[in-house]
Amino acid sequence: MNALVIIDVQNDFMPGGALAVPNGDEIVPIINDLQAKFELVIATQDWHPAGHASFASSHENVKEFEVMKLDGLDQVLWPEHCIQNSEGAKFHSDLKSSNIETIFRKGTDIKIDSYSGFYDNAHLKSTGLTGYLKEKKVENLYFVGLAAEYCVYFSIKDAISEGFNCILLEDATRALNQSDFENARIDILRKGGKIIKSGDLDF
């Protein structure tokens, strides 16, 4: 089975949002068009409690986008974003949601960030996404969403480790930093993932 995995298409990652991805809104119509091609569509949602440890505002004498050690892990200190039940945490209003079978929320533990839709950044807690997909007998995962070099990339890495065939639909993602995304692209390919354009889907 082929599944479309929509990563974090949320207001705070859109132009004008708290953690805006340049041109992030451009992918919404592409994702909407893609959904009809898939037997299964699922989505992830960044869902942080207020005061989350990944927010720069939760620490003294630091600036946004600095990197600090948090329980032994490098942590980028983000602007406050995708706070539970906020407008910024909602999906983009134009995102078609009627085909989305289920939503996996991440970043809910106040102490640790979670880029991946599968695990937190320390791999201490699973979201349950692997078990859900395997129960559905999904083999091929097609990834779209935001941001390309963070939550999309980390989700793909974990999915490859869990034994799924992973394909990034490159025209349906956008990056915060293009050079960081280039490094992520190289790693995805090196790990056995594929990168194609949505127009190259052959089903």
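Predicted model only: the values in this text are computed from it and were never measured. Along each chain, the written sequence defines residue order, and numbers are assigned to residues from 1. Totals for whole chains, interfaces and linings use all residues, but because this is a predicted model, local features are given only for residues with pLDDT of at least 70 and pairs of side-chain atoms are given and counted only at 80 or more. Side-chain metrics in this entry use all non-hydrogen atoms of the structure; hydrogen atoms and water are not considered.

Once that is clear, we can look at the sheet that holds strand β6 (residues 140–145). Paired strands, as defined in this entry, are two strands with at least two bridges between them according to DSSP. Labels follow the DSSP assignment, with helices taken as runs of H or I lasting at least four residues and strands as runs of E lasting at least two, numbered in each case from the N terminus. Here we have 6 strands laid out as an open sheet, ordered β5-β2-β1-β6-β7-β8, and parallel in their pairing. In this open sheet, the two edge strands, each paired with only one partner strand, are β5 (100–106) and β8 (194–196). When the angles between neighbouring strand axes are averaged without regard to direction, this sheet yields 25°. Across 5 bridges, the pairing between strand β1 (residues 2–7) and strand β2 (residues 40–46) is parallel. Bridge assignment links A3 to a residue of β2, and that residue is L40. Whether two residues are in contact is decided by their heavy atoms, any of which lying within 4.5 Å being enough. Think of each axis as a best-fit line through the C-alpha atoms, taken over the contacting stretch in the case of a helix, with angles from 0 to 180 degrees between the N-to-C directions. The strands touched by helix α1 (residues 27–35) are β1, β2, β5, β6 and β7 (165–173); relative to β7, the strand with the most contacts, the crossing angle is about 135°.

On to α1, then. The cut-offs for exposure are 20% and 50% of the maximum accessible area for each residue type, with area from a 1.4 Å probe on protein chains only; residues under the lower value are buried, those over the upper are exposed, and the others partly exposed. Regarding α1, the residues found buried are I27, V28, I31, N32, L34 and Q35. Each buried residue of α1 lies within a common arc of 165° when the element is viewed along its axis, so the set occupies one face. This arc is taken over the directions from the axis of the helix to the C-beta atoms.

Take a side-chain nitrogen of Lys or Arg and a carboxyl oxygen of Asp or Glu: if they are within 4 Å of each other, that pair is a salt bridge. Following the criterion strictly, the structure yields 11 salt bridges and no others. Of the charged contacts, one joins E170 and R185 as a salt bridge, the two residues approaching to 2.8 Å between their closest N and O atoms. Of this pair, E170 sits in strand β7 while R185 sits in helix α4 (residues 178–190), and the two are 15 residues apart along the sequence. Sharing partners across several salt bridges, the network here consists of D8, D46 and K106.

Ring pairs shown here join Phe, Tyr and Trp side chains whose ring centres sit within 6.5 Å, with only the six-membered ring taken for Trp; geometry is labelled stacked below 30 degrees between planes, edge-to-face above 60, and tilted in between. Enumeration over the complete set of coordinates arrives at 11 aromatic pairs. When the ring of Y153 is compared with that of F154, the centres are 5.4 Å apart and the planes differ by 75°; the resulting orientation is edge-to-face. Classification of F154 as partly exposed rests on a relative accessible area of 25%. Put simply, the rings of F65, W78, Y115, Y150, Y153 and F154 touch in pairs and so form one group of aromatic residues. Stacked on the ring of W47, the Lys or Arg R105 has its end atom at 3.6 Å from the ring centre. Each ring is checked for a lysine NZ or an arginine CZ that lies within 6 Å of its centre and within 35 degrees of its normal; such an atom marks a charge sitting over the ring.

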